[in-house]
Amino acid sequence: MAVKTKSTDSSYGWVVLAVTFLAGFTAPANMAKVTALAPVVMQTFGFGPDTLGWVIALFYVLGFVMAFPTAGLINKLGIRNVVLIAIGCAAVGSAMGALTENVTVFMVSRFLEGAGMGVMGVAGASAIAPWFAPEKRGFPLGIWAMWVALAMCICPVLYGYVVDTLALPWQTVWWGTFVFDIVVGIVFVVFYREPERPYQTEEDQAAGKADFKRALKNPMLWALGMIFFFDEAAFMAINGFLTTYLTEQLATTLVWATGIASAFGVAGAICAPLCGKISDWLKTRKWVLLFALIGGVAYTAVVFTCQVPELYWGIMILAGIAGGFVPSIIWAATPDTVDPDDVPVANGLVATTQNLGMFVGAMFMGNAVAAFGWTTASYAVLVPCYLICIVIFFIGLRKLR
């Protein structure tokens, strides 16, 4: 059934957005630990890029396994409890990772930490959307879409500073995320609530119970989900291996490499709400998405082929377009493809494809780099992802406004 709601003042939606954003931030903050500190982790446990790909990919397993069932869990347990379960898994995983010296246990810890990725994609958007009128959801959902990009802005440089500049052990970062997860969980419990009268049209008010079958019959929803899959496969493969490429191929320091990774995150964090605002203003999601996908083609063509470190300050613009615009449009457009009570189901599908894409991208990129090298892997694995997205766009989103 649809999620029932319990509070009143619509302006409180911005508070809900803030605490939900913090809760969502815990997942990519945990994700960024291995991607930012990949050279240190590989040295500590004694493995190469191919095994690193599996370590990164394991983070997304529970994400895509849990994403779709989350719609049903929200109906049974409520958004608050589902989010707390996800944060609890992240906290346990962080503590386990900090305490182990065994690579197998370390992989299990990453498996647990990743629970929040799929869950928060569904719960976060489902918590925020009812507070805002449909024609004004682009901006708040654009802010929500920053939850991964902002983590990639703050966390790599922070983690690199802790390990490289302060010379603290990498376990310090894991304990830091453990404490952060606990604090955010408490804040979420205190401040989260749901609207008593969510914004609805007359058609919305006439809607009945959530219907998985009805939602999954929508071809536009599947098109958005598949675009998210290929976008995240490419984009998160880049995030997972960027610091490794910069330090190993261009001989930069870890601090400089994590600084570039953070700069890419800044670009994505700025572009996500900007994209939402632009799409609201232009009254179109469709053509803004096409612009973003073309930017993704350019981004994947240069990110692991550029040989001049200074040029990465320009490449960050392309990173922002691909990393900020695409998720923002996907999350804003998804509720428009289904009946109102089916929104958690729709969010569950796109969150599933998002996390599955992250898993596949990390796994294949590590093995492709080990087998073919960076340049060939880019043109064989990354660029085709966005070309496929453009094909899906023209076939599956012809009716998207």
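Starting from 1, residues in each chain are numbered consecutively following that chain's sequence as written. Totals for whole chains, interfaces and linings use every residue, but because this is a predicted model, local features are given only for residues with pLDDT of at least 70 and side-chain atom pairs only at 80 or more, for both listing and counting. Side-chain figures throughout are based on the complete set of non-hydrogen atoms in the structure, without hydrogens or water.

- The protein chain appears in an unreviewed UniProt entry as MFS transporter from Gordonibacter urolithinfaciens.
- UniProt annotates the protein chain under Subcellular location (unreviewed entry) with the comment "Cell membrane". UniProt positions are given in the numbering used here, feature names are shortened, and annotations may be inferred rather than shown by experiment.

## Focus on the domain arrangement of the protein chain
- Where each domain begins and ends follows an automated or database-derived domain assignment. We note that the domain assignment places domain 1 (11-198) and domain 2 (212-400) within the protein chain.
- Computed from C-alpha coordinates alone, the two centres of domain 1 and domain 2 are separated by 18 Å.
- Counting residues at the interface gives 52 residues for domain 1 and 48 residues for domain 2.
- Summing the contributions of domain 1 and of domain 2, the shared interface buries around 4,100 Å²; its carbon and sulfur component is 73%. When checking whether two residues touch, look at their non-hydrogen atoms; a contact exists if any pair is within 4.5 Å. Here's the idea: put two parts together, see how much 1.4 Å probe accessible area each one loses, and the total over both is what we call buried area.

## A word on the packing of helix α3 (residues 49-58) against helix α13 (residues 219-249)
- Think of each axis as a best-fit line through the C-alpha atoms, taken over the contacting stretch in the case of a helix, with angles from 0 to 180 degrees between the N-to-C directions. Helix and strand definitions here come from DSSP, where helices need a minimum of 4 consecutive H or I residues and strands a minimum of 2 consecutive E residues; each element is numbered from the N-terminal end. At a minimum axis distance of 11 Å, the contact between α3 and α13 shows a crossing angle of 145°. At the point where α3 passes α13, the crossing takes the right-handed sense. When α3 is examined against α13, the residues Pro49, Leu52, Gly53 and Ile56 are found in contact with a partner set consisting of Gly240, Phe241 and Thr244. Note on convention: the crossing is left-handed when the near helix lies turned anticlockwise from the far helix by less than a right angle, right-handed when the turn is clockwise.

## Re the pattern of salt bridges
- What makes a salt bridge here is a side-chain nitrogen of Lys or Arg within 4 Å of a carboxyl oxygen of Asp or Glu, nothing more. All chains considered together, the criterion is met by five salt bridges.
- Among the ionic pairs, arginine 110 bridges to glutamate 113, the shortest N-O distance being 2.8 Å. In this pair, arginine 110 and glutamate 113 both sit in helix α6 (residues 103-113), three residues apart, roughly one turn of the helix. The residues arginine 110 and glutamate 113 share a single accessibility class, namely buried. Each residue is placed in one exposure class: buried if its accessible area under a 1.4 Å probe, protein chains only, is under 20% of its type's maximum, exposed if it is over 50%, and partly exposed if it falls in between.

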